[in-house]
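# Chains, contacts and geometry: an overview
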Amino acid sequence: MAMFEAAIKPPADPVAAVTHADPWPYYRQLRETQPLYFDVRLQLWVASSQAVISEALHHPSLNVRPPDEPVPAALQGTAAGEVFARLVRMTDGAFHAAHKPAVVRAAGRWSLADVARASEMAAADLQPPMGTNALISNLPVQVMARLLLVSESVLAVTCDLVQQFVQGIAPGASEAAVALASQAAEALMAQGSAEGLNAVQAVNRIALMQQSLDATAGLLGHTVLMLAQHPQLAATARCSPQAMREFVAEVERHQAPIQNSRRFAVRALRLAGQPVEQGQGMLLVLASGNRDEALNPQPDHFDPQRANRRSLGFGAGSHACPGAAIAIETVAACARSTWAGGRFYSCIGRQTGFRPLGNARIPVFEK
Ligand code: HEM
């Protein structure tokens, strides 16, 4: 009922849109009327067309962190802050340029068969005791931990540590959550060091698990929903591993589990002809870019067999996601194996809404 009422009233702003039942008409209106505007209420620029988003993602003066706060104030001086400061996701310039290639190589060392095997094993271990919410939260990080050869005996605890770290570095986290994130950061760094990794390598081992968490939970949740809502397309998807990958890739484009990302002006610049002041923040509505006709023809149509699919949902430019293929294979293999085991309908519940997040759109199920 709450979701139905929300569908009638457009979202209040592009952050509220992330958890709105139907944000797509609102995104279209933004894109068509004001593809780049300053939102006074959010105190952020908002970019919603594929052209402006792409320009922003490639702009040398737009960084991932505010220039005066490279590490959030609440994390400064903590072990969680030390890890945060060395994540490729959170850095730009020379540090990012020096370390991103190693992260890309690290993520590229697994074949699709490796990922599928890890995903099938994780899906078999986690079902049926877990409900859908717990499954979508745990499966992606379990898969990444298995790929990283985390030993069976510490698999569950490692996944809990990654969850603690992510919760504690989120904006607005409580002091208790930051303290837990710091303990988790220390424990995860100690694991990396025991494997012979240096500090930056150990941080980026954490990054691979941490980045897989929410985004892939969203991708898995939306894939489950779309498979259930489109039985004929689901039947085609089940015919081959490649057909299921195409289905998941279309879910990513169409539903955009990561609806937006942020950038900050390190110096004054002009974007799409408009002046942006140093220090100002910008919301890049990737989900809207994916529904722009300039990116894909008939963008609102869900078509797993779409030719030349283009998506901004994994980012672009220097911060482009190195885990896209892993994420798609994780979800596709989980969906295939769950279906093959006859567990698909028994392990999904009714959707009741979305997690209350400002950038990831992750379905919540009744169980
Ligand atoms: C196994 C799963 C995944 C891994 C290991 C992974 C890893 C990463 C890493 C390390 C980065 C930081 C790159 C950098 O800043 O240079 C990143 C960025 C990003 N990832 Fe992923 N990711 C995964 C899944 C996903 C999924 C499922 C989505 C979306 C559906 C996604 C969307 C993004 C986006 C949008 C960025 C760029 C953010 C920005 O530029 O502001 N990722 N990912």
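Residues numbered from 1 in each chain as written. Predicted model: local features only at pLDDT ≥ 70, side-chain atom pairs only at ≥ 80, totals over all residues. Heavy atoms only, no water.

For the chain, the name recorded in an unreviewed UniProt entry is Cytochrome P450, with Polaromonas eurypsychrophila as its organism.

## Some points on the overall build of the chain
Each helix and strand counted, the chain has 15 helices and nine strands in total. The C-alpha atoms of the chain give 20 Å as radius of gyration, which agrees with the globular expectation for 367 residues (21 Å, within 12%). Here the C-alpha coordinates of the chain stretch approximately 55 × 50 × 40 Å along the principal axes. Across the 367 residues that make up the chain, the buried fraction comes to 53%. Entry remark: accessible area of the chain is about 15800 Å², with carbon and sulfur atoms responsible for 57%. (Helix = DSSP H or I, 4+ residues; strand = E, 2+ residues; numbered from the N terminus. Rg over C-alpha atoms; globule rule 2.2 N^0.38 Å. Buried < 20%, exposed > 50% of the residue type's maximum accessible area, 1.4 Å probe, protein only. Areas by Shrake-Rupley, 256 points an atom, 1.4 Å probe, with all protein chains shown as cover.)

## Some details on the packing of helix α9 (residues 175–194) against helix α10 (residues 199–229)
Two elements in contact, α9 and α10, have axes separated by 9 Å at closest approach and are oriented at 115°. Between α9 and α10 the crossing geometry is right-handed. In contact with Ala185, Leu188, Met189, Gln191 and Gly192 of α9, α10 contributes Ala199, Ala202, Val203, Arg205, Ile206 and Met209. Split into classes, the residues belonging to the contact of α9 with α10 amount to eight nonpolar, two polar and one charged. (Axes fitted to C-alpha atoms, helices over the stretch in contact; angles between N-to-C directions. Left-handed = near helix turned anticlockwise from the far one by under 90°. Contact = heavy atoms within 4.5 Å. Nonpolar A, V, L, I, M, F, W, Y, C, P; charged D, E, K, R; others polar.)

## As for the sheet that holds strand β3 (residues 62–63)
Reading across the sheet, the five strands line up as β1-β2-β7-β4-β3 and stay open at both edges, with mixed pairing between neighbours. Edge strands, defined here as strands with exactly one partner in the open sheet, are β1 (36–39) and β3. By the bridge criterion, four bridges tie strand β4 (residues 261–265) to strand β7 (residues 281–284) in an arrangement that is antiparallel. The partner of serine 261 across the bridge, within β7, is leucine 284. The sheet contacts of helix α3 (residues 50–57) involve β1, β2 (44–47), β3, β4 and β7, and relative to β7 the element is tilted by about 130°. (Pairing = 2+ DSSP bridges.)

## Points about the coordination of the iron atom of the ligand
There is one protein donor for the iron atom of the ligand, and it is Cys321 (SG), at 2.4 Å. For cysteine 321, the position within the fold is in the loop between α13 (286–290) and α14 (324–340). (Donors = N, O, S within 2.8 Å, 3.2 Å for Na, K, Ca; no water.)

## A look at the packing of aromatic side chains
By convention here, two paired aromatic rings are described through the distance between centres and the angle between planes. Evaluation of the coordinates by the stated rule reveals four aromatic pairs. Within the aromatic cluster, the residues linked to one another by ring pairs are Trp24, Tyr26 and Tyr27. Seen from the ring of tryptophan 339, arginine 238 lies directly overhead, with NZ or CZ sitting 4.1 Å from the centre. Here the basic side chain of arginine 361 rests over the ring of phenylalanine 354, its NZ or CZ set 4.1 Å away from the ring centre. (Phe/Tyr/Trp six-rings, centres within 6.5 Å; stacked < 30°, edge-to-face > 60°. Lys NZ or Arg CZ within 6 Å of the ring centre and 35° of its normal.)

## Focus on the site of the ligand
Taken together, 28 residues sit near the ligand, with His96, Ser261, Arg263, His319 and Cys321 positioned nearest. Valine 88 is positioned with one of its backbone polar atoms (N or O) 3.3 Å from an oxygen atom of the ligand. Broken down by secondary-structure element, the contributors of at least two residues to the shell around the ligand are α5 (93–107), α10, β4 and α14. If one sorts the elements of the shell around the ligand by residue count, α10 sits on top with five residues. (Near = heavy atom within 4 Å. Polar contact = N/O pair within 3.5 Å; in protein donor to acceptor, adjacent residues only side chain to side chain.)

## Quick look at the layout of surface pockets
Considered as a void within the structure, the second largest pocket measures approximately 290 Å³ in volume. Around the second largest pocket, the lining comprises 14 residues; the ones closest to its centre are Ala106, Arg109, Leu197, Gln201 and Arg205. Those elements that place two or more of their residues in the lining of the second largest pocket are α5 and α10. Looking at which element gives the most residues to the lining of the second largest pocket, the answer is α10, with five residues. For the lining of the second largest pocket, the per-class residue count stands at seven nonpolar, four polar and three charged. (1 Å grid on protein atoms, 1.4 Å probe; cavity = no way out; pocket = protein on both sides within 12 Å on 5 of 7 lines; lining within 4 Å. Points joined across faces, edges and corners; volume = space filled by probe spheres on them.)

## Some thoughts on the domain arrangement of the chain
Considered domain by domain, the chain is made up of domain 1 (1–61 + 259–312) and domain 2 (64–255 + 317–367). Between domain 1 and domain 2, the C-alpha centre-to-centre distance is 23 Å. Domain 1 puts 34 residues into the contact, and the matching count from domain 2 is 31 residues. Roughly 2500 Å² is buried in total at the junction of domain 1 and domain 2, and carbon and sulfur atoms are behind 54% of that figure. Between arginine 306 and glutamate 250 there is a salt bridge, and its shortest N-O distance comes to 3.1 Å. On inspection of domain 1 and its partner domain 2, the count reaches 17 residue pairs in polar contact (both at pLDDT 80 or more). (Domains from an automatic or database assignment. Buried area = accessible area lost by both parts, 1.4 Å probe. Salt bridge = Lys/Arg side-chain N within 4 Å of Asp/Glu carboxyl O.)

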